[in-house]
Structure formats: C-alpha cells, structure tokens
Amino acid sequence: MKDRWSREINYMRISVTDQCNLRCCYCMPEEGIPSIDKSELLTFDEIETIVKAGVSIGINAIKITGGEPLLRDDITKLIKNIKNIDGIKQVTLTTNGVLLERYADELKEAGIDSININVPTLTKEKYASITRRNEFIQMIQGIRKARDIGIHLKLNCVSRKTITDEELYGFAMIAKHYPIDIRFIEMMPLGFGKLFDTYSNDKILERLKAIFQDKIHLSTVSGNGPAVYYEFDDLVGKIGFVSAVSHKFCSDCNRIRLSAEGELKLCLNYDEGVSLRDVLRNGNQDLLLSVMEQAIFEKPQAHCFYEEASDKVEMKNMVQIGG
Ligand code: SAM
Ligand code: SF4
C-alpha cells in the first residue's frame, strides 16, 4: 500500500500498554501517568484482527512497543500469534530490558526476530538519574540472558551531550565482542523530550571517528528503519545512527503506529489518527480495511519538529506514542 506521497507502508509499531516500570526523563513524568482502564486497551484478538487487515494491504513487519511491553500480561502469546499470521515476515520488540531475563526464553520460543533494548548509559549511577529507577543490573542481566540464548539484539541509546568518550568506547566494545548493534537515537522534541536540546548524531559520529580514527566505514542501511549504519574494522556489531532531527528521513518513512487504545497514528509528530477500536467495537468490522487504507493514504508528508506551532501537533509523551 502506498500513501499519497508514494511511500510504501509495510511496518507497523504496536503499543500494548502506556505504563512503564522506568521514568526516563525525556519520555515520562516522574509521577507516572494515569493508567488507561483495561477495557479501553485493545485486546489481543483485536490487535490480531488489525494485523491481519494490515497484512492484506502490505504490512509485513511488526514492532511491539509500549510503555514497557513486557508489563502486559501474556505478551509472548501475542507475539507468537502475530508471528504465525501468514504474510508477517518479522516481529520485533523494543523494551527497557528490566524484565527481559524473566521473559527471554519465552520470547525466543515465540519466535521473536530481534529485540531493541533501551540502554541510555553504561554507568549505574547515570542510569538511576536518567531513568529514576535502580534497575541497571536487571537490564544488564536481561541483555546477557537474551544474548546467551542467541536472540538478535540492538542497543538503543538516546544521544545526549553528557555521554562521555569512555561511554562511547564502552558501547563500541560491546559491539567488538558480540554481534550486537549499537544505535544512537537523536532526542526528539516530543513531550518531555522538549526539555532537552537535541545533541546531533553527527557529533557522536565525529567523536567515534576521533576515537577509532580510520577504522570506521559507512555500511549498508539495514532493518526496517532509517538507521544509517557504520562498520568498524575490529567490531562484530555495527554502530547505527537514527537522526530524525538533524537528517529528516520522512521521505522514506514506511511506518504506521497503533496505540494501546487502538488509535491508528500516521506520524508520531501529529495528534491525528483514527480509532480502529471504535470501528471494531461498533460492529463495523467490514469497514476496518477501508478505514485503514484511507488513513494510510492521508499520512502526513513530514514531521514538523521545529516549525511553527500548529494545533495538530502531538502533545502526548513518548511513553504513550511508543517511540
Ligand atoms: N519502554 C520501551 C523502551 O524503552 O524501549 C519501549 C517504549 S520507548 C518509548 C521506545 C524508545 O523511545 C526507547 O528507545 C526510548 O529511548 C525512545 N525515546 C523515548 N523518548 C524519546 C525522545 N524524546 N526522543 C527520542 N527517543 C525517545
Ligand atoms: Fe519507559 Fe521506554 Fe519511556 Fe523509558 S523510554 S520511560 S523505558 S517507555
């Protein structure tokens, strides 16, 4: 399915909860957010119905997100069911890793293709200050467990000025010893992200180049997204950069988002979407496909992070959008 800007849409991010066990300062308020009533959340049956409709118009890759998706009961069951839908080529997960040690075996058994883990820093103290929780060791244990049982991993770090050269070196050393990709994600001015300056990924790359000198090469673009990957002579894993702010990649955007409450969201920067939950619960299941097609066709052309304020701009926090 192509949108009106001729972009092929094949990737859907599905949020399964807006609750989280961390409080990352650029994502969620310290006091948390009021939880959605359970009856407002899409059920697994509803999610699967929407995925099947998506597949019939070209969706073939799914990312399960949140909030923290591993907080949702029976999440591995949903992953397994989606994995078994004809036409789905890839199901991946993004998590903060705190509960990963507990669920890694079940996720592997469910057939997960890859897991992104949010690793904002490599020191325990900084982790506590960024996430406002003391779960650093749990996150590391989760990464270890998933690595040990052979799940493909990517570690995501939101780029900040305060990342030291020692941390950059530490991230690169993880990629030296293990086939784990490290990705630096530019801070997006959404929700609490607006309180921080975006630190350009070009600066992170410049600093890595200074550390590794001529041992760094542009690699191929891989995965479902906009990351640009570099290979280093001595590293097994790659280092990727997702630079939504400094290098807008909207012209290649292939994604749509489904919120935990069932809103199909076309761009993370706009408060516009359509409630697929209402379509399903109002007994209009026959309309689901046409509603989805129409919404996808209308996908906005580009984000408007630093443009003039508009009443359509998304005011929610990242924890409610799913990243
Ligand atoms: N809890 C899971 C996690 O942390 O991976 C899934 C949801 S979280 C919203 C998804 C991703 O969004 C994380 O990698 C997180 O670092 C990123 N994120 C949160 N706030 C952001 C912001 N303001 N700008 C850029 N990325 C952000
Ligand atoms: Fe939770 Fe992920 Fe947001 Fe951190 S980034 S508060 S882990 S949802």
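Every value quoted in this text rests on a predicted model; they were computed, and no experiment measured them.

Cut-offs applied
Sequence order sets the numbering: in each chain, residues are counted from 1 along the sequence as written. To read the labels, note that chains go from A and ligands from 1, taken in the order they are written. Local features in a predicted model are, by the rule used here, given only for residues with pLDDT of at least 70; side-chain atom pairs are given and counted only at 80 or more, and totals for whole chains, interfaces and linings are based on all residues. In computing side-chain properties, one takes all heavy atoms of the structure into account and sets aside hydrogens as well as water. A run of H or I in DSSP becomes a helix once it reaches four residues, and a run of E becomes a strand once it reaches two; helices and strands are each numbered from the N terminus. Our radius of gyration is a C-alpha quantity, and the globule rule it is checked against amounts to 2.2 Å times the number of residues to the power 0.38. Classification of residues uses two cut-offs on accessible area relative to the type maximum, computed with a 1.4 Å probe and protein chains only: under 20% is buried, over 50% is exposed, and between them is partly exposed. Two residues qualify as a contact provided that any one of their heavy atoms is within 4.5 Å of a heavy atom in the partner residue. Counted as positive: Lys and Arg. Counted as negative: Asp and Glu, with His and the chain ends omitted from the count. Every charge is mapped to an atom, namely NZ of Lys, CZ of Arg, CG of Asp or CD of Glu. It suffices for a single heavy atom of a residue to lie within 4 Å of a molecule or strand for the residue to be listed as near it. Distance and chemistry together define a polar contact, namely a pair of N or O atoms within 3.5 Å, with one atom able to donate a hydrogen and the other to accept it when in protein, and with adjacent residues in sequence counting only for side-chain atoms on both sides. To be clear on the numbers: accessible area is Shrake-Rupley with a 1.4 Å probe, and residue cover counts the displayed protein chains and nothing else. Here the nonpolar group is Ala, Val, Leu, Ile, Met, Phe, Trp, Tyr, Cys and Pro; Asp, Glu, Lys and Arg are the charged ones; every other residue, Gly included, is treated as polar. One bridge is not enough; two strands pair if DSSP finds at least two bridges between them. Ring pairs are drawn from Phe, Tyr and Trp, using the six-membered ring of Trp, whenever the two centres fall within 6.5 Å, and their geometry is named by plane angle: stacked under 30 degrees, edge-to-face over 60, tilted for the rest. Expected helix span is taken as 1.5 Å per residue step, with the number of steps being one fewer than the number of residues. As used here, the term nonpolar core means buried Ala, Val, Leu, Ile, Met, Phe, Trp, Tyr and Cys residues forming a set that is joined through side-chain atoms within 4.5 Å. For this quantity, the arc is that covered by the directions from the helix axis to the C-beta atoms. Lines are fitted to the C-alpha atoms to define the axes, a helix being fitted only along its stretch in contact, and any angle between axes, read from their N-to-C directions, falls within 0 to 180 degrees. We count a salt bridge whenever a side-chain nitrogen from Lys or Arg sits within 4 Å of a carboxyl oxygen from Asp or Glu.

Chemist: Even after reading the chapter, I still don't get the overall build of the protein, so can you show me in this structure?
Modeler: On a plain count of helices and strands, the protein comes out with 10 helices and 12 strands. Taking 2.2 N^0.38 as the reference for a compact globule, 323 residues should give roughly 20 Å; the C-alpha atoms of the protein span a radius of gyration of 19 Å, in line with that estimate. Each principal axis of the C-alpha distribution contributes one length, and for the protein these read about 60 × 45 × 40 Å. The buried share of the protein, reckoned over its 323 residues, is 54%. At a minimum sequence separation of 6, the contacts of the protein that also span at least 24 residues come to 73%. Here the protein carries 42 positive and 47 negative side-chain charges, and the mean point of each set is 3 Å from the other.

Chemist: Could you clarify how one ought to interpret the site of ligand 1 in this entry?
Modeler: Taken together, the neighbourhood of ligand 1 is formed by 19 residues, with Tyr26, Gly67, Thr94, Asn118 and Met188 sitting nearest. At a separation of 2.8 Å, a nitrogen atom of ligand 1 approaches a polar backbone atom of Met188. When ligand 1 sits alone it has 550 Å² of accessible area, and the protein chains cover 95% of it. Elements represented by at least two residues in the shell around ligand 1 include exactly β3 (90–95) and β5 (153–158). Classifying every residue of the shell around ligand 1 by side-chain character gives six nonpolar, 11 polar and two charged.

Chemist: Even after reading the chapter, I still don't get the pairing of strand β1 (residues 11–15), so can you show me in this structure?
Modeler: Consecutive side chains along a regular strand alternate between the two faces of the sheet. Within β1, five of the five residues are buried, which leaves the element mostly enclosed by the surrounding structure. Of the two faces of β1, the one lined by Tyr11, Arg13 and Ser15 and the one lined by Met12 and Ile14 are each fully buried. Here five bridges tie β1 to strand β2 (residues 61–65), and the two strands are oriented parallel to one another. Along β2, the bridge assignment pairs Tyr11 with Ala61. When β1 meets strand β10 (residues 255–258), the two strands line up parallel, connected through four bridges.

Chemist: Would you mind going over the packing of aromatic side chains with me for this structure?
Modeler: Scanning the model with the defined rule gives seven aromatic pairs in all. On the basis of an interplanar angle of 75 degrees and a centroid distance of 6.5 Å, the ring pair of Tyr26 and Phe196 is categorised as edge-to-face. On the criterion of sequence distance, the pair formed by Tyr26 in the loop between β1 and α1 (44–56) and Phe196 in the loop between β6 (181–185) and α7 (201–212) is long-range, its members being 170 residues apart. Taking the relative accessible area as the measure of exposure, Phe196 reaches 28% and is therefore partly exposed. Plain terms: the ring middles of Tyr127 and Phe136 are 5.5 Å apart, the flat faces sit at 65 degrees to each other, and that makes the pair edge-to-face. Accessibility classification places Tyr127 together with Phe136 in one group, the buried group. Through a chain of ring-to-ring contacts, three or more aromatic side chains come together here, namely Phe171, Phe184, Tyr230 and Phe241.

Chemist: Looking at this model, I keep getting lost on α1. Mind explaining?
Modeler: Each turn of an α-helix holds 3.6 residues, which means side chains three or four residues apart point in the same direction. End to end, α1 covers 19 Å across 13 residues, agreeing with the expected 18 Å (1.5 Å per residue, within 8%). Buried within α1 we find Phe44, Glu46, Ile47, Glu48, Ile50, Val51, Ala53, Gly54 and Val55. In this structure, the buried residues of α1 make contact with β1, β2, α2 (75–83), β10, α8 (276–281) and α9 (288–297). Just downstream of α1 lies Gly58, where phi reads positive at about 110 degrees.

Chemist: Explain the nonpolar core here, please?
Modeler: It is characteristic of soluble globular proteins that their nonpolar side chains tend to be buried jointly. Core analysis: the largest hydrophobic core is formed by 94 residues, its most contacted members being Met12, Ile14, Val51, Ile64, Ile82 and Phe184. In terms of residues, this core owes the most to one element, α1, which gives six residues. Those residues in contact with Val51 that sit more than four places away from it in its chain are Met12, Ile14, Ile62, Ile82, Ile85 and Ile88.

Chemist: Whenever I open this one, helix α3 (residues 100–110) confuses me. Can you help?
Modeler: Among the residues of α3, those classed as buried are Leu100, Tyr103, Ala104, Leu107 and Ala110. Projection of α3 onto a plane perpendicular to its axis shows the buried side chains occupying an angular sector of 135 degrees, all on one side. Opposite the packed face of α3, turned more than 90 degrees from it, sit the exposed residues Arg102 and Glu109. Of the surrounding secondary structure, the elements contacted by the buried residues of α3 are α2, β3, β4 (114–118) and α5 (136–148).

Chemist: Can you help me understand the sheet that holds strand β12 (residues 273–275) in this one?
Modeler: Note on sheets: strands pair through backbone hydrogen bonds, and any given pair is parallel or antiparallel. Read across the sheet, 12 strands follow the order β7-β8-β9-β6-β5-β4-β3-β2-β1-β10-β11-β12 without closing on themselves; strand pairing throughout is mixed. The strands lining the two open edges of the sheet, one partner per strand, are β7 (216–218) and β12. Averaged over all pairs of adjacent strands, the angle between strand axes in this sheet comes to 25 degrees, irrespective of strand direction. Lying over the sheet, α1 contacts β1, β2 and β10, oriented at roughly 170 degrees with respect to β1.

Chemist: Would you take a moment to explain the pattern of salt bridges for this structure?
Modeler: Where charged atoms from two side chains of opposite charge approach closely, those side chains can pair. Tallied over the entire structure, the rule returns 12 salt bridges. Across the pair Arg281 and Glu46 runs a salt bridge whose closest N-O atoms are separated by 2.8 Å. Here the residue Arg281 occupies a position in helix α8, and Glu46 occupies one in helix α1, the gap between them amounting to 235 residues. A residue is classified by how much of its surface remains accessible, and Arg281, at 37% relative accessible area, is partly exposed.

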